[in-house]
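Survey of secondary and tertiary structure
Chain by chain, the residues:
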Amino acid sequence: MGVALTRSAQWTAAGYGTRTLEITPLNEVILKEIAMFVESFIYKHPQEAKYVFVEPLEWKTNLDPSAFESGYIVSETTVKSEEVDKDGQPLLFLSVPHIKIRSLGQLSRLLLIAKDRKLKEAQACIKANRDPVTKILGLDYNTVKEDTSTVNILDKITKDEDPESEIKMKVGMLLKQLDLYLLNHSLKRISLQICLNPTTVKNHIELLKHFSGKGEQTVLESIDYTSDYEFSNGCRAPPWRQIHGEICYVLVKPHDVETLCVTCSTEGVFLNGGKTEDEGEINYERKSEMYKDLVTFLKEKSAKFSENMSKQDIRFTEEWKKENEEPKEVPKKEEADALPKAFLASSKNILEKNQINFGKIQMTKRLEPTLNWKATVDFKKHKSLLRNTQEKKHGGRLGRSGPPVSPGRAQLVRKSAEKIEEILSDSSSENEEDEEPPDRRQEANADLPSEYWQIQKLVKYLKGGNQTATVIALRSMKDFNLAQETCQLAIRDVGGLEVLINLLDTDEVKCKIGSLKILKEISHNPQIRRNIVDLGGLPVMVNILDSPHKSLKCLAAETIANVAKFRRARRAVRHHGGITKLVALLDCAQSSAKPAQSSLYDARDVEVARCGALALWSCSKSNANKEAIRQAGGIPLLAHLLKTSHENMLIPVVGTLQECASEENYRAAIKAERIIENLVKNLNSENEQLQEQCAMAIYQCAEDKETRDLVRLHGGLKPLASLLNNTDNKERLAAVTGAIWKCSISKENATKFREYEAIETLVGLLTDQPEEVLVNVVGALGECCQEYENRVLVRKCGGLQPLVNLLVGINQTLLVNVTKAVGACAVEPESMMIIDRLDGVRLLWSLLKNPHPDVKARCWRNGSLLVGGLELIVNLLKSDNKEVLASVCAAITNIAKDQENLAAITDLGVVPLLSKLANTNNDKLRRHLAEAISRCCMWGRNRVAFGEYKAVAPLVRYLKSNDANVHRATAQALYQLSEDADNCITIHENGAVKLLLGMIGSSDQDLQEAAAGCISNIRRLALAIDKARYT
């Protein structure tokens, strides 16, 4: 953490005032990662969380003493933690506004108390404690030094005589791991950024000068460099500023604001402190956010610039395009040498970064829409444009009229850019196909119902009517059956969606409510959902979430829940701050009443919370959104809402939790917030959807043993077992059987399920069920059958027949579970006989050809089932047919690659049977026999046994064969046998050394190595005998 804060975090320049942590995207990422690490520390490392710092971390906090509750002694201006060190000093002490913390556990609790202000607290803490690791572990662990390797940390800590040195070592290792993670994460983020260079900045400034001057139509009054001197590397910044990555400084005079002093650097453009009045020097400290280029910066700072830019859009776009589409030249070597080393800023080497990202920059620029492209597309104009283009193509002449990029091309470009952004952006956890569906529209000659034309008339009133007419038209439109696809597409085809979204920007609450009611209904249609996103409807709805009108909040959240069914929509909600606002809606119910009075909640507050949870449920299918919900403080609020009795609200709350429970951080938080108890309680609800979501949440969380024990302790196993009897609802049945599967991993739970007669019910579900149910049912039986009583019960209930029948399936997950269940049952002799009679052993052997590695691995683990087949193979060594014997030896060679199989065939007497075959003249049999002997030597005392059964001497004769394959196999067998001293003597006495010496010069590398290894073993034995003789 110390090295990352020193080298990766971005601090303000030291020229003016004290250095502070800048507000940059990179710093925000680092702060979030540190806050996430500290926040979860108390759950993941409870012992290490109690470690007391060498020195306290001190800073000024904005937290009020009233925010601290249980575990703290609170007064008006001070707070003391009840947790103290061995000297009786509190581990947290707050004397407003100064705070001191002396353990990671208290630091973790503080961030939980801070909620949405935790990033500000983390920033304040790091500002005041530039090297926190030194204060935590002591001066010997100063991370600013180069000596920061893990070995050195371990060495320093183990030299301490402190009895807590082991915990201190673990804390040091955890902080070191965080440090490395932050450095790697920062480097990856930096490597993805597109940096500016002196040539690009110069081109941009010259282009802006071309459009600047006196007059209202120019984009700027003036833009000039602060220095006329240009260095050989193209920079105008002084050398001592170039080490910070700064390129030049420009004075920009827009039409409507004062002169701006701007810094252009490799990382972007920002406003600096301007020129000082006394000396005329530049205050280099950054005073604004970082922008990607000058145009983006000026658009943000000057409304007049943005307005005039839109008028000059086409001309400026063409010039800008020429500048940006020219391939960037890699700087010459001498120019690169002239750049100071530190000019590379935070990304190590700007040349390397440009080379790495060159292809990506070009790709991004080709796919970026032009600046004059609008969000809305007129579909009729788009069609006519395509038609005209086709006519011109067939006519053989191409026209040049129209804008540089057609709306159709712009739409294609935008979609391509979104595809690439989707790959580089967050991944989603769902299996939903996120393909754009074909754009279905009503044909002109189709027989359309009267509702279609009536809706068209109403849309015309919406477009041209006054406020009263608009409200009446909205209410009339709501009376239609908006669940019907014809009505939904009618609104879209006549431009009604654009009007409805525009109404959301008005100040009239009635118009907003009417519009949202319609959008909520029609957004169930997948095409409508995508059209709403294309028209920019989501940012407007996200803004409505801040409205004081509760009905507006509800409608906006419900519409977002319907729209956010695909990746692009979920990403848009997060990018526009929707996750934080939706989490805030969950707090409405808390503000109305105390938790103990949940039944007295205002119905409107409950509805707001329900709608917020519904939207979060849709958004939580994205991994990035799950993390955003957690960081926004969603888990405690969801846990609080679980305590209410409102089933309509509980369903989306539990749905959100079960989606998020796939992440380990959430599972730890769910245990900490005691959510399992409420999930178990709601299993007894009569609402089937709530039961399904609760069971699914238990399924996700029960990977952890502690959670499985909590489900049992809170009485959750009995309702799960009873829900198995209701088989009509297959979705709920899949969730329940999944929860039983994961819970039955614990033996205590498997015993309880037997008491509740769940085993018999599970056996009954082995037939006539969908695969998603069968996977869970068989998985549960596989876990339960680890106990003798359950295995007997499955056999008595007739469960072996359907289990064996499932061995012929193709679902890989199901096959893995079936082989485990059949293998567990086969431990009992009676069950083994039944499985053998049902042809289960043959089916299991056939699964060894399955391409899925997990299926094959599970088959090999079922040794008891394969014993029958192995015995059959070993007995075939008694055959008189040379072809059969050669094939059996080849099979044994493959079977013996697995140690368990090798042990089994050794017990079945494979060594004496192979030894009897040694006196053969058939080269094919010789080859496979030698390979089998070589493999079998790798278990126990088999190589000694081969010598005892007189198999070594005949093998030496194989070296006189004319078959090269026989030579290789024999040499490998002799090499393995020569590991035993008696065998070495036998090999030497039978004249093998002379034959093996000739084979060392073979072109076959395997033969060379085996021959050399065998001779080496013989020579070592001879030397050992000589040494023993003369000493």
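Everything numeric in this text was worked out from a predicted model, so none of it was measured.

Re the overall build of the protein
A count of helical and extended segments in the protein gives 57 helices and nine strands. Every one of the 1031 residues in the protein was classed for burial, and the buried ones make up 49%. The contacts in the protein between residues at least 6 apart in sequence include a share of 68% that link residues at least 24 apart. When the accessible surface of the protein is summed, it comes to about 50,400 Å², and 50% of that surface belongs to carbon and sulfur atoms.

Observations regarding the packing of helix H19 (residues 485–493) against helix H22 (residues 526–534)
The N-to-C vectors of H19 and H22 enclose an angle of 25°; their axes lie 10 Å apart at closest approach. Taken together, the axes of H19 and H22 lie roughly parallel to each other. H19 and H22 meet at a crossing whose hand is left-handed. Residues Gln488, Leu489 and Arg492 of H19 pack against Gln527, Ile528 and Asn531 of H22. Across the contact of H19 with H22, the residue classes break down as two nonpolar, three polar and one charged.

Here's the deal with a positive patch on the surface
Together, Arg475, Lys478, Lys510 and Lys517 make up a region of like positive charge exposed at the surface. Turning to its location among the elements, arginine 475 is positioned in helix H18 (residues 467–478). Its relative accessible area of 57% is what places arginine 475 among the exposed residues.

Topic: the sheet that holds strand E5 (residues 98–103)
As summarised here, the arrangement of the five strands in space is E1-E5-E4-E3-E2, forming an open sheet in which the pairing is antiparallel. Only two strands of the sheet have a single neighbouring strand rather than two, namely strand E1 (52–60) and strand E2 (72–74). Going from strand to strand, the sheet's axes swing by 10° on average, the running direction of each strand aside. Running over the sheet, helix H3 (residues 104–114) touches E1, E2, strand E3 (78–81), strand E4 (92–95) and E5 and is turned about 130° from E5.

Some points on the confidence of the model for the protein
Looking at the protein, the pLDDT average stands at 78 and 78% of residues meet or exceed 70. Ignoring residues within four places in sequence, the model shows residues 13–18, a span with pLDDT below 50, making nine contacts including any to other chains. For the stretch residues 591–601, pLDDT sits under 50, and the model shows 14 contacts to residues farther than four places along the chain or on other chains.

Looking at the UniProt feature "coiled-coil region" (unreviewed entry) in the protein
Per the UniProt entry, the sites bearing "coiled-coil region" (unreviewed entry) are residues 669–700 in this numbering. The annotated region residues 669–700 carries 78% helix and 0% strand content, and the separation between its end C-alpha atoms amounts to 13 Å.

Considerations on the environment of aspartate 980
Residue position: aspartate 980 is located in the loop between helix H54 (964–977) and helix H55 (981–989). For aspartate 980 and arginine 943, which are 37 residues apart along the polypeptide, the C-alpha to C-alpha distance reads 6.9 Å. When residues no more than four places from it in sequence are discounted, the contact partners of aspartate 980 are Arg943 and Val944.

Quick look at the packing of aromatic side chains
By the definition in use, this model includes five aromatic pairs. Seen in terms of ring centroids, phenylalanine 68 and tyrosine 72 are 5.2 Å apart; in terms of plane orientation they differ by 70°. Their pairing is edge-to-face. Judged by its relative accessible area of 4%, phenylalanine 68 is buried. In this structure tyrosine 72 comes out as buried when scored by relative accessible area, which is 9%. With 5.4 Å between their ring centres and 45° between their planes, tyrosine 249 and tyrosine 284 make a pair best called tilted. Here tyrosine 249 is found in strand E7 (residues 246–253), whereas its partner tyrosine 284 is found in the loop between strand E9 (268–271) and helix H10 (294–301), with 35 residues between them in sequence. Assessed through its relative accessible area of 14%, tyrosine 284 is described here as buried.

Quick notes on the pattern of salt bridges
One pass over the structure, following the stated rule, counts 33 salt bridges. Between arginine 492 and aspartate 493 there is a salt bridge, with its nearest N and O atoms 3.3 Å apart. A relative accessible area of 4% places arginine 492 in the buried class. Judged by its relative accessible area of 17%, aspartate 493 falls in the buried class. For lysine 581, the salt bridge goes to aspartate 546, with nearest N and O atoms at 2.9 Å. One end of the pair, lysine 581, is in helix H26 (residues 578–585); the other, aspartate 546, is in the loop between helix H23 (537–544) and helix H24 (550–563), with 35 residues separating them in the sequence. Several salt bridges share partner residues, and in doing so they unite Glu39, Lys118, Glu627 and Arg630 into one network.

Some points on a nonpolar patch on the surface
Together, Leu872, Leu876 and Val884 line one region of the surface with nonpolar side chains, adding up to about 240 Å² of accessible area. Here leucine 872 lies in helix H47 (residues 863–875). Leucine 872 sits in the exposed class, given a relative accessible area of 56%.

Describing the nonpolar core
Buried together is how nonpolar side chains tend to be arranged in soluble globular proteins. Judged by nonpolar contacts, the single largest core of 150 residues is most densely connected at Leu538, Leu582 and Leu679. For this core, the leading source of residues is helix H28 (residues 603–619), giving nine residues. Excluding its chain neighbours within four sequence positions, the residues that come into contact with leucine 582 are Leu545, Ala557, Val573, Gly612, Ala615, Leu616 and Cys619.

Rules used in this analysis
Residues numbered from 1 in each chain as written. Predicted model: local features only at pLDDT ≥ 70, side-chain atom pairs only at ≥ 80, totals over all residues. Heavy atoms only, no water. Helix = DSSP H or I, 4+ residues; strand = E, 2+ residues; numbered from the N terminus. Buried < 20%, exposed > 50% of the residue type's maximum accessible area, 1.4 Å probe, protein only. Contact = heavy atoms within 4.5 Å. Areas by Shrake-Rupley, 256 points an atom, 1.4 Å probe, with all protein chains shown as cover. Axes fitted to C-alpha atoms, helices over the stretch in contact; angles between N-to-C directions. Parallel < 35°, antiparallel > 145°, perpendicular 65-115°, else oblique. Left-handed = near helix turned anticlockwise from the far one by under 90°. Nonpolar A, V, L, I, M, F, W, Y, C, P; charged D, E, K, R; others polar. Patch = residues over 30% accessible without salt bridge, like charges linked within 9 Å, V, L, I, M, F, W, Y side chains within 5 Å. Salt bridge = Lys/Arg side-chain N within 4 Å of Asp/Glu carboxyl O. Lys, Arg positive; Asp, Glu negative; His and termini not counted. Charge placed at Lys NZ, Arg CZ, Asp CG, Glu CD. Pairing = 2+ DSSP bridges. pLDDT = per-residue confidence, 0-100. UniProt positions renumbered as here; feature names shortened; annotations may be inferred. Phe/Tyr/Trp six-rings, centres within 6.5 Å; stacked < 30°, edge-to-face > 60°. Core = buried A, V, L, I, M, F, W, Y, C linked by side-chain atoms within 4.5 Å.

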